[in-house]
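# Fold and contact review
The primary structure of each chain is shown beneath.
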Amino acid sequence: MIITARTVGALAALTASVIALTGCVAKSAADPSASFAVSSTADACTVSASTAKSGPLTFDITNSGDQVTEFYLLASDGLRIVGEVENIAPAASRTMTVVAQPGDYFTVCKPGMVGDGVGKAAFSVSGAKVAIDGPDAEQKQKAVDLYAAFVKDQVGQLVPAVAELVAAYQAGDDAKARELFPQARAYYERIEPVAESLGDLDPRIDFREVDAVADGLDWTGFHRLEKDLWVPARDALNSDDETSAWKDWAPSNAQQRGEFGDRLIADVQELYDYVHSEKFTTALGDQGIAGISNGAVALLDEVATGKITGEEDWWSHTDLYDFAANVEGSKMAFELVKDYVAGKNADGEKLVASISTGYADLEAALDEHGSLDAGFASFTDLGDADRRSLIDLINALAEPLSKLTSTALA
């Protein structure tokens, strides 16, 4: 799969294999005094210190609990995500490197990857604002500006695509809506980490039913429409493989379709307004090149933990569309920082070459199942061997990609 002209123009055995990805660790070359050990358990999130100086910070997270966990560094409002590591398997470790500006933050872990999390604690960063300066400042700023342009372009295309999807959904033209559904989602999937950083916006747009129920949230967004468009059989189970698909759910009537469709349009408009605001420019600038490289890693995590398992688009089985869009978005972010990383030293050049090979191999394998333009096979058409092959390629790419941020900041 080659990144499309549209995007470039904008600037059991299976489970074990996925867990292998969640254990990848990228060791940072940052100052040891800016490194923090994090222990996540069922009821605690212990960080080795609660204060730091501004600049690159590294959090080494160990999951000492018996559930897959996540670690977050949140802004002072407790909602905006400054940095995150998802899907840390029991007994596994992951490393997160972020650029922290002066201010007040919170740390929190989320065992089971649902709910409000545990061990939420204040974390304070003092010192001077981290500026993009030095001999490579222009190259860094160019990457940030180009990524901002890419995000704005994708959200700009998402708005009319969602409007068209909703119009068909509300009119009861389900055949057309089913055709439009995976195409509209692709714009969102390429830049999903931006929405995820805004607290409750991503849950409103993209939560699956089981996630909304687990977090006690109203279920809205793409997947609410999806279940109406691909009505499950009476004996079907939700993506947790436990609860009945019809438990506390029935196909939406015309009025409900109107409400759910209008809500999705409003939420996507909120995303559009944000990426065209000064807040987005400031947040992206504060993180700089690290924010872009972390976005590349986050999007590959999205592939590994939802799309390759078939849990994301549980009713439509259009997961390969999301898979491809996540990879496109991840590769775009990588492309914007690769020259900077390769130019640092021989190790950086070697890392970039390894990552480039990983993307090429994964794209070639995905090409065998279709494309965003021509359409993809249903996820249910993939055999176990197909899925294992894709998982192996994801793992092969994830290992060097996990080192991108720490190498960029070294």
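An account of the accompanying structure is given in this report. Bear in mind the structure is a predicted one, so any value in this text is a computation, not a measurement.

This next bit is on the packing of helix α3 (residues 137-171) against helix α4 (residues 174-190). For any two helices packed against each other, one specifies the inter-axial angle together with the distance between the axes. Two elements in contact, α3 and α4, have axes separated by 8 Å at closest approach and are oriented at 160 degrees. As judged from the angle between their axes, α3 and α4 are roughly antiparallel. Like other packed secondary-structure pairs, α3 and α4 cross with a definite hand, here left-handed. Only Lys176, Ala177, Leu180, Phe181, Ala184, Tyr187, Tyr188 and Arg190 of α4 make contact with α3, whose side of the interface consists of Phe150, Gln154, Gln157, Leu158, Ala161, Val162, Glu164, Leu165, Ala168 and Tyr169. Taken together, the residues of the contact of α3 with α4 sort by class into 13 nonpolar, 2 polar and 3 charged.

All right, on to empty space enclosed by the protein then. Quantified by volume, the largest cavity comes out at close to 90 Å³. What lines the largest cavity is Arg208, Glu209, Val210, Trp219, His223, Glu226, Asn238, Ser239, Glu311, Glu312, Trp314 and Trp315. Elements supplying a minimum of two residues to the lining of the largest cavity: α7 (209-215) and α8 (222-229). Considered class by class, the residues forming the lining of the largest cavity number 4 nonpolar, 3 polar and 5 charged.

With that settled, the discussion passes to the sheet that holds strand β9 (residues 118-126). Through backbone hydrogen bonds, the strands of a sheet pair up, either in parallel or in antiparallel fashion. Reading across the sheet, the 5 strands line up as β3-β9-β8-β5-β6 and stay open at both edges, with mixed pairing between neighbours. Either end of the sheet is taken by a strand with one partner, and the two such strands are β3 (51-53) and β6 (81-88). Each neighbouring strand pair of the sheet contributes to a mean axis angle of 20 degrees, computed without reference to strand direction. In this sheet, β6 lies alongside strand β5 (residues 69-74) in antiparallel orientation, the contact comprising 5 bridges. Pairing of phenylalanine 71 across the sheet is with valine 85, part of β6.

Attention now goes to the layout of surface pockets. In this structure, the second largest pocket encloses a volume near 1,100 Å³. Lining the second largest pocket we find 50 residues, and of these Ile81, Val82, Gly83, Ser197 and Gln287 sit closest to its centre. At the level of secondary structure, the elements contributing two or more residues to the lining of the second largest pocket comprise β6, β7 (93-100), β8 (103-109), α5 (192-196), α9 (254-275), α10 (278-307) and α14 (404-409). It is α10 that provides the largest number of residues to the lining of the second largest pocket, a total of 13 residues. The residue makeup of the lining of the second largest pocket, split by class, is 24 nonpolar, 15 polar and 11 charged.

The rules behind the values
- Residues numbered from 1 in each chain as written.
- Predicted model: local features only at pLDDT ≥ 70, side-chain atom pairs only at ≥ 80, totals over all residues.
- Heavy atoms only, no water.
- Axes fitted to C-alpha atoms, helices over the stretch in contact; angles between N-to-C directions.
- Helix = DSSP H or I, 4+ residues; strand = E, 2+ residues; numbered from the N terminus.
- Parallel < 35°, antiparallel > 145°, perpendicular 65-115°, else oblique.
- Left-handed = near helix turned anticlockwise from the far one by under 90°.
- Contact = heavy atoms within 4.5 Å.
- Nonpolar A, V, L, I, M, F, W, Y, C, P; charged D, E, K, R; others polar.
- 1 Å grid on protein atoms, 1.4 Å probe; cavity = no way out; pocket = protein on both sides within 12 Å on 5 of 7 lines; lining within 4 Å.
- Points joined across faces, edges and corners; volume = space filled by probe spheres on them.
- Pairing = 2+ DSSP bridges.

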